[in-house]
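Spelled out, the chains give:
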Amino acid sequence: MSKTIELAQHLEKLHINNMYKSDFYWTWDKTDEELDAIFTVADALRDLRERNKSTRIFDSGLGISIFRDNSTRTRFSFASACNLLGLAVQDLDEKKSQIAHGETVRETANMVSFMADVIGIRDDMFIGEGHKYQKTFMDAVRDGYRDGILEQQPTLVNLQCDVDHPTQCMADMLHIIHQFGGVENLKGKKIAMTWAYSPSYGKPLSVPQGVIGLMTRFGMDVVLAHPEGYDVMPEVEEIARKNAQATGGSYKKVSTMEEAFDGADIVYPKSWAPFAAMEERTKLYQAGDQAGIDQLEKKLLAQNAQHKNWSCTEEMMKRTRDGKALYLHCLPADITGLSCPEGEVDNSVFDRYLVPLYKEASYKPYVIAAMIMMSKVKDPAAALMAMDASGKRKSF
């Protein structure tokens, strides 16, 4: 029996009917079994790909990507996921579209969705705006389908918003699951989600928020660490607390990187901007106040510079469990002595974990493909079994 068949049989036991024709906004919108289904399908698709089996569930159609912030890994992961399932990909470049001439979100949503099966959107830079844009876009698509403008209703995959980065955090989690030999081995493991110094400003909060909102679902001891003033959204912290209570794990916030790293099994040192500063920046952009934006940037860079000791050094790593904690990063990292004079992580630490980091990133295309498949296929277990029985991918 192949690995895919075993995974498909597990999938049949899960209560996942609500995933069909659904969107994927935040991980905490999904049940435990629905998250299990995403991981299961991602692993099955990877197994099929490794055995050179065809995984096409579409013979035509489009995946539309809208990146309102820069991207390498997520952009190519989305394209790879769509291609894996048989969809072509078209990226909407807003600078080359009629959006610059006043085209509304409602109009854009319908015009790009005529033959689209999935819409992937990244809008992560402005607090209170990213998730709102995704909702506005998909509400317009839903209305277009209802009114007979669109032949099918595309599904949304959140490729990062101001609140969550579900494709990244799900890929991180699947990497952790495989590194520790299964979900059953995660209970009681300590993961340190810590702020780290960066010589740049304005990095989104969605990764640390996504991590504490997801990792607390697995009975882990999740620690959030940051200097004073670098808070994340309080509502996401409340989600983390409730998750921990429900799973028998724990969630706490500490004020030093050292305390977070002490005895940690997993560390995730990553810079982000203070929640209050991101709110202020959003208001300045809305007002078109460039002078205010420039002043805020100088202020935040100076604030960051007061915390250069928040770095994942060799000495800091020695504080972890046996000095060998799993190091995670969503990439690109600010690497001391390589990409910048002082940054989030020492070059020697980063170099030592290079292969695991790339493996961590490699799960993202399969996670995205699983999100798409679970929304577009009514019986995903049967679909996986059919793929397992199919022929090889053609090459000439």
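Residues numbered from 1 in each chain as written. Predicted model: local features only at pLDDT ≥ 70, side-chain atom pairs only at ≥ 80, totals over all residues. Heavy atoms only, no water.

Attention now goes to the nonpolar core. In terms of nonpolar packing, the biggest core is built from 125 residues, with L45, F137, M173, I176, M220 and L384 touching the most fellow members. In contact with L384, not counting residues within four places along its chain, are T4, A8, L11, V41, A44, L45, L48 and M373. One finds A277, L284, I293 and L300 within the second-largest nonpolar core, a separate group that totals 6 residues. (Core = buried A, V, L, I, M, F, W, Y, C linked by side-chain atoms within 4.5 Å. Buried < 20%, exposed > 50% of the residue type's maximum accessible area, 1.4 Å probe, protein only. Contact = heavy atoms within 4.5 Å.)

This part takes up helix 6 (residues 166–179). The terminal C-alpha atoms of helix 6, which comprises 14 residues, lie 20 Å apart, in line with the 20 Å expected from a rise of 1.5 Å per residue. Counted residue by residue, helix 6 has 12 buried out of 14 residues, so it is predominantly covered. Within helix 6, burial applies to P166, T167, Q168, C169, M170, A171, D172, M173, L174, H175, I176 and I177. Looking one or two residues beyond helix 6, the residue adopting positive phi is G181, at roughly 80°. (Helix = DSSP H or I, 4+ residues; strand = E, 2+ residues; numbered from the N terminus. Expected span 1.5 Å × (residues − 1).)

Another aspect to go through is the pattern of salt bridges. For the coordinates displayed, the defined rule picks out 23 salt bridges. The closest approach of N and O atoms between R146 and D147, which form a salt bridge, is 3.0 Å. Overall, R146 belongs to the exposed group, its relative accessible area being 59%. When the shortest N-O distance is used, the salt bridge between E315 and K318 registers 3.0 Å. Across this residue pair, the class does not change: E315 and K318 are exposed. Ionic contacts of the salt-bridge type, sharing partners, join the residues D231, E237, E238, R241 and K253 into one network. (Salt bridge = Lys/Arg side-chain N within 4 Å of Asp/Glu carboxyl O.)

Attention now moves to the environment of Y353. Among the structural elements, Y353 can be located in the loop between helix 13 (347–352) and helix 14 (354–362). A residue is classified by how much of its surface remains accessible, and Y353, at 10% relative accessible area, is buried. As for Y353 and L326, which are separated by 27 residues in sequence, their C-alpha atoms are 8.2 Å apart. Discounting residues that sit within four places of it in the chain, Y353 has contacts with M317, K324, A325, L326 and Y327. Here A325 takes part through its backbone oxygen, which lies 2.6 Å from a polar atom of the side chain of Y353. (Polar contact = N/O pair within 3.5 Å; in protein donor to acceptor, adjacent residues only side chain to side chain.)

Turning next to the packing of helix 10 (residues 275–287) against helix 11 (residues 290–305). In the contact formed by helix 10 and helix 11, the axes pass within 9 Å of each other and the chain directions differ by 160°. Regarding the angle of helix 10 to helix 11, the classification is roughly antiparallel. In this structure, helix 10 crosses over helix 11, and the sense of that crossing is left-handed. Two secondary-structure elements touch here, helix 10 through A277, E280, R281, L284 and Y285 and helix 11 through G292, I293, L296, K299 and L300. Residue composition of the contact of helix 10 with helix 11, grouped by class: 6 nonpolar, 1 polar and 3 charged. (Axes fitted to C-alpha atoms, helices over the stretch in contact; angles between N-to-C directions. Parallel < 35°, antiparallel > 145°, perpendicular 65-115°, else oblique. Left-handed = near helix turned anticlockwise from the far one by under 90°. Nonpolar A, V, L, I, M, F, W, Y, C, P; charged D, E, K, R; others polar.)

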